[in-house]
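Chains, contacts and geometry: an overview
What follows is the residue order along each chain.
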Amino acid sequence: MDYLKELEGKSVHDCYHHHQQQQIKMSKMASPIFVPGPVIVGAGPSGLAAAACLKQKGIIPSLILERAQCLASMWQFKTYDRLRLHLPKQFCQLPLMPFPKNLPSYPTKQQFLAYLKAYADHFDIKPVFSQTVVSAEFDHVCQLWRVKTRGVIKKEDTAEYVCQWLIVATGECAEEVVPQIEGMGEFEGQIVHTSKYKSGSMFCGKNVLVVGCGNSGMEVCLDLCNHNARPSLVVRDTVHILPQQMLGKSTFGLSMFLLKWFPIRFVDQFLLLMSHLMLGDTAQFGLRRPKLGPLELKNLYGKTPVLDVGTLTQIKNGKIKVCRGIKRLARNAVEFVDGKVENFDAMVLATGYKSNVPSWLKGSDMFSEKDGFPRKPFPNGWKGENGLYAVGFTKRGLLGASIDAKRIAEDIEHSWKAEAKHVLEFPRPLA
Ligand SMILES: Cc1cc2nc3c(=O)[nH]c(=O)nc-3n(C[C@H](O)[C@H](O)[C@H](O)COP(=O)(O)OP(=O)(O)OC[C@H]3O[C@@H](n4cnc5c(N)ncnc54)[C@H](O)[C@@H]3O)c2cc1C
Ligand SMILES: NC(=O)c1ccc[n+]([C@@H]2O[C@H](COP(=O)([O-])OP(=O)(O)OC[C@H]3O[C@@H](n4cnc5c(N)ncnc54)[C@H](OP(=O)(O)O)[C@@H]3O)[C@@H](O)[C@H]2O)c1
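What counts and what doesn't
Residues numbered from 1 in each chain as written. Chains lettered and ligands numbered in written order. Predicted model: local features only at pLDDT ≥ 70, side-chain atom pairs only at ≥ 80, totals over all residues. Core = buried A, V, L, I, M, F, W, Y, C linked by C-beta atoms within 7 Å. Buried ≥ 20, exposed ≤ 12 C-beta atoms within 10 Å, placed from the backbone. Contact = placed C-beta atoms within 7 Å. Axes fitted to C-alpha atoms, helices over the stretch in contact; angles between N-to-C directions. Helix = DSSP H or I, 4+ residues; strand = E, 2+ residues; numbered from the N terminus. Parallel < 35°, antiparallel > 145°, perpendicular 65-115°, else oblique. Left-handed = near helix turned anticlockwise from the far one by under 90°. Nonpolar A, V, L, I, M, F, W, Y, C, P; charged D, E, K, R; others polar. Near = placed C-beta within 6 Å. Domains from an automatic or database assignment. Pairing = 2+ DSSP bridges. Expected span 1.5 Å × (residues − 1). Arc of directions from axis to C-beta.

All right, on to the nonpolar core then. Among the nonpolar cores identified, the biggest contains 64 residues, and Val39, Leu48, Ala50, Cys163, Leu166, Ile167 and Val391 are the most heavily contacted of them. Other than its neighbours up to four places away in sequence, Ala50 contacts Ile40, Ile167, Ala169, Val391, Ala405, Ile408 and Ala409. If you look at the next biggest cluster of nonpolar residues, it comprises 39 residues, including Tyr197, Val234, Leu242 and Phe344.

Where helix α3 (residues 45-56) contacts helix α5 (residues 109-122), the axes come no closer than 10 Å and their chain directions differ by 25 degrees. Relative to α5, α3 is oriented roughly parallel. The element α3 and its partner α5 pack so that their crossing is left-handed. Between α3 and α5, the residues in contact are Pro45, Leu48 and Ala52 and Leu116, Tyr119 and Ala120, respectively. Among the residues making up the contact of α3 with α5, the classes are represented as six nonpolar, no polar and no charged.

Residues in contact with ligand 2 amount to 23 residues; listed here are only the nearest, His86, Gly212, Gly214, Ser216 and Gly352. For the shell around ligand 2, the element with the highest residue contribution is helix α6 (residues 215-226), accounting for four residues. Residue composition of the shell around ligand 2, grouped by class: nine nonpolar, 11 polar and three charged. Residue-level mapping places the shell around ligand 2 at the junction of two domains, with at least three residues from each of domain 1 (2-174 + 354-425) and domain 2 (177-349).

With that settled, consider the packing of helix α7 (residues 251-259) against helix α8 (residues 264-279). Following both chains from N to C, one finds α7 and α8 inclined at 145 degrees, their axes separated by 9 Å at the closest point. Between α7 and α8 the crossing geometry is right-handed. Contacts between α7 and α8 pair Thr251, Ser255, Leu258 and Leu259 from the former with Ile264, Val267, Phe270 and Leu271 from the latter. Residues belonging to the contact of α7 with α8 are distributed by class as follows: six nonpolar, two polar and no charged.

Quick look at the sheet that holds strand β20 (residues 346-349) now. The pairing of strands in a sheet happens through backbone hydrogen bonds and is either parallel or antiparallel. An order of β9-β20-β10-β11-β16 is seen for the five strands of this open sheet, with the pairing classed as parallel. The sheet is open, and its two edges are formed by β9 (190-193) and β16 (321-323), each paired on a single side. The sheet shows a mean angle of 25 degrees between the axes of neighbouring strands, direction not considered. Sheet analysis places strand β10 (residues 207-211) next to strand β11 (residues 230-234), joined by five bridges and oriented parallel.

Look at α8: 22 Å from first C-alpha to last across 16 residues, which is about the 22 Å you get at 1.5 Å a residue. Taken as a whole, α8 has its buried residues at Val267, Asp268, Leu271 and Ser275. Projected down its long axis, α8 shows its buried positions confined to an angular sector of 100 degrees, all on one face. Across α8 from its buried face, at more than 90 degrees, point the exposed residues Arg265, Leu273, His276 and Leu277. In the segment just after α8, Gly280 is the residue with positive phi, at about 85 degrees.

Okay, the sheet that holds strand β19 (residues 341-343) next. One open sheet accounts for three strands, arranged β17-β18-β19; its pairing is antiparallel. Lying at the two open borders of the sheet, with one neighbouring strand each, are β17 (326-329) and β19. When strand polarity is set aside, the average angle formed by the axes of neighbouring strands in this sheet is 25 degrees. As judged from the three bridges shared by strand β18 (residues 333-336) and β19, these two strands associate in the antiparallel manner. Paired with Glu335 across the strands is Val341, a residue of β19.

This next bit is on unusual backbone geometry. Following Phe378, the chain continues to Pro379 via a peptide bond in cis, the omega torsion being 10 degrees. Checked against the element boundaries, Pro379 lands in the loop between β22 (361-362) and β23 (388-390). Not every positive phi belongs to a glycine, and Asn228 is a case in point at roughly 60 degrees. Looking at the secondary structure, you find Asn228 in the loop between α6 and β11.

All right, on to α3 then. The end-to-end C-alpha separation of α3 is 16 Å, in line with the 16 Å expected for 12 residues at 1.5 Å each. The buried count for α3 comes to 10 of 12 residues, which makes it a mostly enclosed element. All buried positions along α3 are accounted for by Pro45, Ser46, Gly47, Leu48, Ala49, Ala50, Ala51, Ala52, Cys53 and Leu54. Gly58 sits one or two residues past α3 and shows a positive phi near 80 degrees.

Once that is clear, we can look at the site of ligand 1. Around ligand 1 sit 36 residues in total, of which Gly42, Gly44, Gly171, Gly392 and Gly397 are the nearest. Counting residues per element, the ones that place at least two in the shell around ligand 1 are α3, α4 (73-77), β4 (131-139) and α11 (397-425). Tallied by class, the residues present in the shell around ligand 1 amount to 19 nonpolar, 14 polar and three charged.

Bringing the domain arrangement of the protein into the picture now. Domains assigned within the protein are domain 1 (2-174 + 354-425) and domain 2 (177-349). Using C-alpha coordinates to define each centre, domain 1 is positioned 33 Å away from domain 2. By residue class, the composition of the side of domain 1 that touches domain 2 is four nonpolar, one polar and five charged.

Bridge count between β17 and β18: three bridges; the pairing is antiparallel. Considered in β18, the bridge of Arg328 is made with Glu335. Taking the residues between adjacent antiparallel strands as the criterion, β17 and β18 are bridged by three residues. Joining the antiparallel neighbours β18 and β19 is a turn of four residues, in which Gly339 adopts a positive phi near 95 degrees.

Listed below in structure tokens is the structure:
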């Protein structure tokens, strides 16, 4: 089997290093392409971080397969214009390359994208673009992963890659969550998900219902206000809203610091006290807080607190109305669960995202079928069985992705070295 692996490996190895497009041509021949290094699915920040860490370890370069035509497609295409990183840059930088010093604490989306491009250039990472991974399964006979792709531009461009290590980096936000609301087909106004929302300029003068009060929903409401639209926000459940900064420090940074010294419940009490002093009682404005504190809720259920960037002020001064959950939609009106009916011109679904791993990763127990996240909670979700890894599924944003990437590279380096030692100690006869 090793012999076969080597033979296959040799023929495609050259092509792999010389010209990636050649691989796609080869794929039409339907022979599997052996990749001597790890295959990474997804060229977002997580995939890039994993590739860079592996490269630094001196392991044979990994191959990144990406469905889009560019790096970090989520950031390029699915985010709104006014977006900035919501945590200070030191918590968002990828391993081995800090952000440039001249960037502001909260870089804009364009600055973050420029950083990612520079990062890929620095580590000479060249993903294979426009290839969607449609299935990946461990072959127990040859003890390798078989990863099948389909061309995005030409569907008939299919390929099969064979590898020892498979790194899942398709993201927590791979697909939009679009709820089915009664009467949705009847509503005559525009309905867009936040992944397609760019700016409030197209909603100027309109009554817009924003569904969902995560960070996206809250910020889109503010953007709509700034563009002279009239937003209303659907809040169907409890939510923690925290100021982005406290005592001159980022709330996130301060929390991380306090957690080193104090138990989580104490830190939560501190955050809630500070929030009350700075923002007032949010329940007064229809934003009731959950019973659990923000950090405990995040740890137990992965629910991210909202970091307020100015939306609350607009809620307080009545420019953004808060509504209860939706019961049903009609032609140009929305009925809420409390019986109120109001007219709207458009709706923005800020209803979040989901992982797509269960749709393509087969025969593995590492990821839950239900939510597409690793079954083992942080910090143990990064490693599965048979050389399978996950990067960027910690519900801890870019910081979590960096932690995963470093661990994965160390682990693969370990098995890479063990294998090399085995080959040296037990060389195969030449004939
Ligand atoms: C609006 C918004 C703002 C955010 N802001 C922050 C922030 O400020 N700080 C923070 O830490 N986090 C933030 N996040 C969380 C975000 O998930 C991470 O910042 C980051 O994008 C995660 O990187 P990733 O590589 O894991 O996932 P992604 O960036 O989603 O990249 C995954 C890549 O995999 C590709 N892919 C998916 N499926 C396949 C497939 N089957 N085959 C091939 N390729 C595939 C996708 O095209 C994509 O390019 C934000 C998220 C959103 C939606
Ligand atoms: N850099 C930044 O400033 C920034 C900006 C935006 C987003 N982000 C990050 O991006 C990720 C995704 O954020 P997100 O806000 O898009 O999604 P999210 O955090 O998953 O929030 C989705 C919201 O939609 C609500 N919702 C879902 N279905 C609904 C329905 N049918 N009716 C009413 N409400 C519904 C949810 O309510 P329930 O809780 O009741 O389910 C939740 O409040 C998060 O990690 C977030 O922190 C960062």
